[in-house]
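Reading the structure
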Amino acid sequence: MPPEKKSSRQDLRVWCIEQLIRYEGLLDNRMYECADHAASVLNVDTKETLYTLWSDWKLRNPVRDHQNNRM
């Protein structure tokens, strides 16, 4: 569940990053910017919306270096 609406933008951003890491199984550097966008501009409130945004984000912002930070 995302943080309640009264939570800060930072809390929502952290929730987004956590969900994306769980979804992908690794930390991708692009997740930080995507999560910030999701929290500040879109105010994402469901995992499904976040995952759709992430899929589009990866297509529009291809990887420049292929370093992955696996957990």
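Residues numbered from 1 in each chain as written. Predicted model: local features only at pLDDT ≥ 70, side-chain atom pairs only at ≥ 80, totals over all residues. Heavy atoms only, no water.

**Examining the overall build of the protein**
Quick note on the threshold: For helices the rule is a DSSP run of H or I covering at least 4 residues; for strands it is a run of E covering at least 2, with both sets numbered from the N terminus onward. To sort residues, take the accessible area from a 1.4 Å probe on protein chains only and compare it with the maximum for the residue type: under 20% means buried, over 50% means exposed, and anything in between is partly exposed. We get accessible surface area from the Shrake-Rupley algorithm with a probe of 1.4 Å; when it comes to residues, only the shown protein chains can shield them.
Across its full length, the protein holds three helices and two strands. Beginning at the N terminus, the succession of helices and strands in the protein can be written as α-β-α-α-β. Every one of the 71 residues in the protein was classed for burial, and the buried ones make up 32%. Accessible surface for the protein amounts to roughly 5,000 Å². Of this, 49% is attributable to carbon and sulfur atoms.

**Digging into the packing of helix α1 (residues 9-24) against helix α2 (residues 30-42)**
This is how it is decided: Axis definition: a line fit to C-alpha positions, over the contact stretch in the case of helices; interaxial angles, taken between N-to-C directions, run 0 to 180 degrees. Reported orientations rely on four angle classes, namely roughly parallel under 35 degrees, roughly antiparallel over 145, roughly perpendicular from 65 to 115, and oblique for the rest. Handedness of a crossing is defined here by the sense of rotation of the near helix relative to the far one, left-handed for an anticlockwise turn of less than a right angle and right-handed for a clockwise turn. Whether two residues are in contact is decided by their heavy atoms, any of which lying within 4.5 Å being enough.
Closest axis-to-axis distance for the α1/α2 pair is 8 Å, and the angle between their directions is 135°. Looking at the two axes, α1 sits oblique to α2. Our pair here, α1 against α2, has a crossing hand that is right-handed. Counted together, R9, L12, R13, C16, I17, L20, I21 and E24 of α1 and M31, Y32, C34, A35, D36, A38, A39 and S40 of α2 form the full contact between these two elements.

**Structural notes on the nonpolar core**
Filter applied, for reference: Residues belong to one nonpolar core when they are buried, are Ala, Val, Leu, Ile, Met, Phe, Trp, Tyr or Cys, and are joined through side-chain atoms within 4.5 Å.
In this structure, C16, L20, M31, C34, A38, L50 and W54 are the most contacted members of the largest nonpolar core, which totals 18 residues. At the level of secondary structure, the elements contributing two or more residues to this core comprise α1, α2 and α3 (47-60). Residue contributions to this core peak at six residues, all from α1. Beyond its immediate sequence surroundings of up to four residues, A38 is in contact with L12, C16, N43, V44, L50 and L53.

**Some details on the packing of α1 against α3**
Definition in use: Just so you know the grouping, Ala, Val, Leu, Ile, Met, Phe, Trp, Tyr, Cys and Pro go in nonpolar, Asp, Glu, Lys and Arg go in charged, and all remaining residues, Gly too, go in polar.
With their axes 10 Å apart at the nearest point, α1 and α3 run at an angle of 70° to one another. As the angle between them shows, α1 and α3 are arranged roughly perpendicular. Contacts between α1 and α3 involve W15, C16, Q19, L20, Y23 and E24 from the former and K47, L50, Y51, W54 and K58 from the latter. Residues that form the contact of α1 with α3 fall into these classes: seven nonpolar, one polar and three charged.

**Considering the pattern of salt bridges**
What counts is decided by this rule: A carboxyl oxygen of Asp or Glu within 4 Å of a side-chain nitrogen of Lys or Arg is what we treat as a salt bridge.
Inspection of every chain in the model, using the stated rule, returns four salt bridges. The shortest N-O distance in the salt bridge between R30 and D28 comes to 2.7 Å. For the residue pair R30 and D28, the accessibility class agrees, reading buried in each case. Among the charged side chains, a salt-bridge network with shared partners connects R9, R13 and D36.

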